[in-house]
Amino acid sequence: MASRKRAVEIDNLAFDIGEEVNDQPRQKEGKTYGSSSAEEENRNKPTYCVTDVPPWHLCILLAIQHYLIAFGGILSVPLILSEGLCLQHDSLTQSRLINTIFFVSGLCTLLQVTFGVRLPILQGGTFALLTPAVAMLSMPEWKCPAWTQNATLVNTSSPAFIEEWQSRMRTLQGSIMVASLLQILVGFSGLIGLLMRFIGPLTIAPTISLIGLSLYDSAGSKLGSHWGISAMTTALIILFSQYLCRVPIPIPAYSKAKKLHISKFYIFQSMPILLGILVSWLVCYLLTIYDVLPSDPAQYGHLARTDVKGNVVNEASWFTAPYPGQWGLPTVSLAGVMGLMAGIICSTAESVGNYYACAKLSGAPPPPKHAINRAIGIEGFGCLLAGAFGTGNGTTSFSENVAALGITKVGSRMVICLSGVFMVLMGMLGKIGAIFTTIPTPVIGGMFLIMFGVISAAGISNLQSTDMNSSRNIFIFGFSIFTALVLPNWIMKNPDFFKTGINELDQVIHILLSTHMFVGGFLGFFLDNTIPGTKRERGLLALDEFHVEDLGNTSDAEDVYDLPFGITSCLSSQSWVQYIPFCPWKGKRTQNKSEDNQMSQSEPQQNGTGVTEEFAF
């Protein structure tokens, strides 16, 4: 009954939040000071926290928004791989690959939110595995025959052509499946959880920040396809999310208490990205049908048209059912496994940083060891599924969607669950999913400009728990960031510099040194753990503190990461559960609470203020 009552109380929070926030300063006026700072703090809190459930209509719209944010990144993976798979002239098979990767991304999202880290974090294709995959497909033995490059010579239904691309896909599948075992082992064995005691803000901040900073070239190429449309998309998202976020829209509503009435809906705060995309998409559609935009692919602005990928919509089937082994029995390449393992390491480091950023933006406490162990293990299992289904890629947490949490102020995991369901459905409804391929490139670029900027700032914000007046910390962060931008850029321009004579080793070295997140995260990790510094200076004490007052509507901070369906409660009576690195154990939690209560009762009061000396352990 208590949970049901709480759900009813927050049911219309998106409609009435402005009135609640505005009332708080008036109630405290004359009694406390700093009401303006309290109001500012409330404004930065998420409207819906992890365990909150928005109204169903708002939940659907927000889930669609997350789907659209991840769409560009997920869609680009099979389109980039198609050239290495000799599929650049087979749009129908490309459409099937798109359906498959969306289907698997939806499944992995549901697994991660339900049994993994339990945070509102969306799973999708990863560029960390795309680089070694392209490198593998560019090897001499896998180079596409010349006749596959000519559209007039390609017969997409011929057995020779089908075997040509499916043999490459099967090798890529098997290599991904073997490489994913490393991530499964690292996660479920608890190795990641043990390493977390050495991973502080000076490791997390460079890793997260470089996710956005390293993608400036990709965002710039999309922005440059039509600067006017991109600038309009960016301006609209900024206008909706920053300037109009507190402006309510009156709409008719009905409830048993108030009957038919006018309610305030803060649509600009909850859906700024979706609104910005839709408005820009509509403008591009109007400019397309009136032939304002050039129809010649060689002219500037052609990619802003909405009919650039119209053939994908026409050729896609209405219904498709992806299944494991749909391209045949997977095979394994040793060179591919070695390179993809390097990508797995980078993807794991990126995901750990995303978990902390997601927890911060969604109003949850820092994830404990068991949640991170479970999350990495589930992510490895997701890569195993992606390889089995034949996406040609793995899965990882999407940084763009983590950034969206900070803009929309909606951190409900129910929204992400629904988004995962939408991706599964879109993966099965090929024709409907193909419609979204008509989103123009500059619109996606304008959205990326906001998303990557926010995730970069979210990474830097992790430094607030450290002492940034310390020359030690300034050196570590600055050196890690700058080196991670310089070294990969130089490696990409000089790919033949490191030659050991062993192709697999050369590929691993090239991939690791050309990945910004790995270089920055490794340098931050190494320097932070070798240069002397106190725990308070390094910000490690702040990561261990659970600020229950900052959890919004979350009633119990420690329950956020519990397993669903009462599994944690069933296992809490078993003492052996404490030795399983990916399972939460409430016995230890209860013991810690009792010890804390005894310590708080025995602590002496100083000057009647309750202030005691603080010790660092």
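We now turn to the structure provided with this report. Note that the structure is a prediction, hence the values are computed from the model and not measured.

## Section: the state of the cysteines
Working step 1: One pass over the structure, following the stated rule, counts one disulfide.
Working step 2: Between the sulfur atoms of cysteine 86 and its disulfide partner cysteine 144 the distance amounts to 2.0 Å. Sign of the S-S torsion, about -100° for the bond between cysteine 86 and cysteine 144, identifies this disulfide as left-handed. Residue cysteine 86 is located in the loop between α4 (56–84) and α5 (91–115), and its partner cysteine 144 is located in the loop between α6 (127–137) and α7 (159–188); the two are separated by 58 residues in the primary sequence. The residues cysteine 86 and cysteine 144 share a single accessibility class, namely buried.
Working step 3: Considering cysteine sulfurs only, cysteine 383 is the nearest to cysteine 108, which forms no disulfide, with 7.5 Å between them.

## Section: the packing of helix α9 (residues 201–213) against helix α15 (residues 334–361)
Working step 1: Where α9 meets α15, the axes come as close as 9 Å, and the angle between the chain directions of the two elements is 100°. Considered as vectors, α9 and α15 are oriented roughly perpendicular to each other. Seen from α9, the contacting residues are Ile204, Thr207, Ile208 and Ile211; seen from α15, they are Ala349, Glu350, Gly353, Asn354, Tyr356 and Ala357.

## Section: the nonpolar core
Working step 1: Core analysis: the largest hydrophobic core is formed by 100 residues, its most contacted members being Leu81, Phe102, Leu119, Ile273, Met447 and Met451.
Working step 2: Broken down by element, the residue count for this core peaks at 13 residues, all from α4.
Working step 3: Contacts of leucine 81, omitting those with residues within four sequence positions, involve Leu130, Ala133, Leu137, Leu172, Thr391 and Gly392.
Working step 4: If you look at the next biggest cluster of nonpolar residues, it comprises 13 residues, including Ile476, Phe477, Leu523 and Leu527.

## Some details on the environment of tryptophan 56
Working step 1: Examined against the element boundaries, tryptophan 56 turns out to sit in helix α4.
Working step 2: Remark: the alpha-carbon pair of tryptophan 56 and methionine 414, spanning 358 residues in sequence, is separated by 10.0 Å.

## Considering the side chain of glutamine 123
Working step 1: Locating glutamine 123 in the fold gives a position in strand β1 (residues 123–124).
Working step 2: Residue class for glutamine 123 comes out buried when judged on its relative accessible area of 1%.
Working step 3: Ignoring sequence-local partners within four residues, the contact set of glutamine 123 consists of Ser105, Cys108, Thr109, Gln112, Glu379, Thr395, Thr396, Ser397, Phe398 and Met423.

## A look at the packing of aromatic side chains
Working step 1: A complete count under the given rule lists eight aromatic pairs for this structure.
Working step 2: On the basis of an interplanar angle of 70° and a centroid distance of 5.1 Å, the ring pair of phenylalanine 188 and phenylalanine 582 is categorised as edge-to-face. Here the residue phenylalanine 188 occupies a position in helix α7, and phenylalanine 582 occupies one in the loop between α26 (567–571) and α27 (586–602), the gap between them amounting to 394 residues.
Working step 3: Given a relative accessible area of 26%, phenylalanine 188 falls into the partly exposed group.
Working step 4: The exposure class of phenylalanine 582 is partly exposed, given its relative accessible area of 26%.

## Here we look at the pattern of salt bridges
Working step 1: According to the stated counting rule, one finds six salt bridges in the structure shown.
Working step 2: Across the pair aspartate 291 and arginine 305 runs a salt bridge whose closest N-O atoms are separated by 3.7 Å. Of the two residues, aspartate 291 is situated in the loop between α13 (272–289) and α14 (310–315) and arginine 305 in the loop between α13 and α14; the sequence distance between them amounts to 14 residues.
Working step 3: By relative accessible area, arginine 305 is classed as buried at 6%.
Working step 4: The closest approach of N and O atoms between aspartate 528 and arginine 538, which form a salt bridge, is 3.2 Å. Placement of the pair is aspartate 528 in helix α23 (residues 516–530) and arginine 538 in helix α24 (residues 535–538), with a sequence separation of 10 residues. An identical accessibility class is assigned to aspartate 528 and arginine 538; each is buried.
Working step 5: Taken together, the salt bridges that share partners define one network made up of Asp291, Arg305 and Asp307.

Rules behind the numbers
- Residues numbered from 1 in each chain as written.
- Predicted model: local features only at pLDDT ≥ 70, side-chain atom pairs only at ≥ 80, totals over all residues.
- Heavy atoms only, no water.
- Disulfide = S-S within 2.5 Å.
- Helix = DSSP H or I, 4+ residues; strand = E, 2+ residues; numbered from the N terminus.
- Buried < 20%, exposed > 50% of the residue type's maximum accessible area, 1.4 Å probe, protein only.
- Axes fitted to C-alpha atoms, helices over the stretch in contact; angles between N-to-C directions.
- Parallel < 35°, antiparallel > 145°, perpendicular 65-115°, else oblique.
- Contact = heavy atoms within 4.5 Å.
- Core = buried A, V, L, I, M, F, W, Y, C linked by side-chain atoms within 4.5 Å.
- Phe/Tyr/Trp six-rings, centres within 6.5 Å; stacked < 30°, edge-to-face > 60°.
- Salt bridge = Lys/Arg side-chain N within 4 Å of Asp/Glu carboxyl O.

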